[in-house]
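One letter stands for each residue in the lines below.
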Amino acid sequence: MRKNFLPFHLPSLGAEEHRAVEEVLRSGWLTTGPRAKQFEENFAGFVGCKYALAVNSATAALHLALEAIGVGSGGEVIVPTMTFAASAEVAIYLNAHPVLVDCVPDTLNMDPAAVQRSITPRTQAIMPVHFAGLPCDMDAILEVARACNVRVIEDAAHAFPSSYRGRTIGTLGDITCFSFYVTKTITTGEGGMIATDNEEWANRMRIMSLHGISKDAWKRYMAEGSWYYEILYPGFKYNLTDLAAAIGIEQLRKATQFYQARARIAELYTSSFQDLPEIRAPKCSDGMVHSWHLYVVQLEPTRLRITRDQFIEKLREQNIGTSVHFIPLHLHPLYRDRYGYRPETFPNATAAYERIVSLPIYPAMSPQDVQDVVDAVRTTVKENRR
Ligand SMILES: *Cc1c(COP(=O)(O)O)cnc(C)c1O
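A. Summary view of unusual backbone geometry. In this structure, the amide linkage connecting F160 to the following residue, P161, adopts the cis form with an omega of -5°. Residue position: P161 is located in the loop between β5 (151-155) and β6 (163-164). In this structure, F326 follows H325 across a cis peptide bond, with omega equal to 0°. Assignment of secondary structure puts F326 in the loop between α11 (308-317) and α12 (333-339). Even without being glycine, N95 reaches a positive phi, approximately 65°. You can see N95 is positioned in the loop between α4 (85-93) and β3 (97-101). Assessed through its relative accessible area of 56%, N95 is described here as exposed. With phi around 70°, A132 is a residue other than glycine that occupies positive phi space. The exposure class of A132 is buried, given its relative accessible area of 5%.

So this is what it looks like as structure tokens:
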């Protein structure tokens, strides 16, 4: 058994990130400026979208996206229940109603049939979340959206880099939101990016990300006056600092290398668990690039004498850190009490919640770390078979 604890996640930050941050510190310009602009350009080039806007979180990105398309009072936004708090809360910020939908048992991605059934005349947006980094069934979701004339805002917090039938995530829906939170596939500590091909929404989101202030307005009225600005709307404070963007630029350069390291770990896990019927390994469907942000196994409860919580505890005793993605939204007090959802409203997500365990998967893991996870999972399964 390993001697020291293997954390569930560690970021990969090297000399390049240190140097980049030092340069920003020395420059004296710490907040949004040339680095943020460079990061946006590099990111747009990487995913192949027309406009990229750097912001200080994916939550901010999702809020700006829903605001830009006009989500508001009385509207509805369709969100999977198998996601993080951020996906649905942004609809509530705008006084809209988050309408939760169940997942497909195998992929844990939102079920397009459930999306179709949840459409009403009040639906304003559908928010696919590419769970763990595996793209949702986007053809089906985009078809429902087109037929009902509603927008598709993707929560791609896990899906960098991912692709769907040859199309990079960031080029499919109307607006796509990425996260650079510390546990995500690339990080700026806190940060996010918005990708869209729509100029009007891109402009709206840029203005709203910085207090609703129009830079064009002062250009129009005062050629020389850099102190002048005009407040057009009640905006937010969602800009990304150059300090963070400098880290992002370096992380983006390493994104493919990081992806390859995670894909190798995923492959090793999957082949190592193949002979264990007690464990259902995650699969990547044909035509998909799975970012492998998360590696979520599903336990077969009928084949084990221990619960998921005990399974996690046994791994912890063997010095392996794990996590659970996610406690479905409908099981939280907010959604249960305010919106009246019950465990049985979403049978797939409720059942999955009892089975899921996220194993460590990040480039900073050594081959021995990966082997230690495999050994701990195999030992735990073998000692607790029914
Ligand atoms: C991490 C995460 C977010 C939020 O990202 P932040 O950058 O922390 O705001 C949103 N959605 C999902 C699915 C996430 O996992």
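On we go from here.
B. Structural detail: the layout of surface pockets. Its boundaries defined by the atoms lining it, the largest pocket holds a volume of some 1,100 Å³. In this structure, the largest pocket is lined by 33 residues; those nearest its centre are T32, L53, R206, L210 and K215. Partitioned by chemical class, the residues of the lining of the largest pocket number 15 nonpolar, nine polar and nine charged. Volume-wise, the second largest pocket comes out at about 590 Å³. Along the walls of the second largest pocket sit 39 residues, with S179, Y181, T183, K184 and H293 positioned nearest its centre. Elements with a minimum of two residues in the lining of the second largest pocket: α3 (58-68), α4 and α10 (255-273). A total of three residues in the lining of the second largest pocket trace back to one element, the largest contributor, which is α3. Looking at the lining of the second largest pocket residue by residue, the classes come out as 20 nonpolar, 15 polar and four charged.

Cut-offs applied
Residues numbered from 1 in each chain as written. Predicted model: local features only at pLDDT ≥ 70, side-chain atom pairs only at ≥ 80, totals over all residues. Heavy atoms only, no water. Helix = DSSP H or I, 4+ residues; strand = E, 2+ residues; numbered from the N terminus. Buried < 20%, exposed > 50% of the residue type's maximum accessible area, 1.4 Å probe, protein only. 1 Å grid on protein atoms, 1.4 Å probe; cavity = no way out; pocket = protein on both sides within 12 Å on 5 of 7 lines; lining within 4 Å. Points joined across faces, edges and corners; volume = space filled by probe spheres on them. Nonpolar A, V, L, I, M, F, W, Y, C, P; charged D, E, K, R; others polar.

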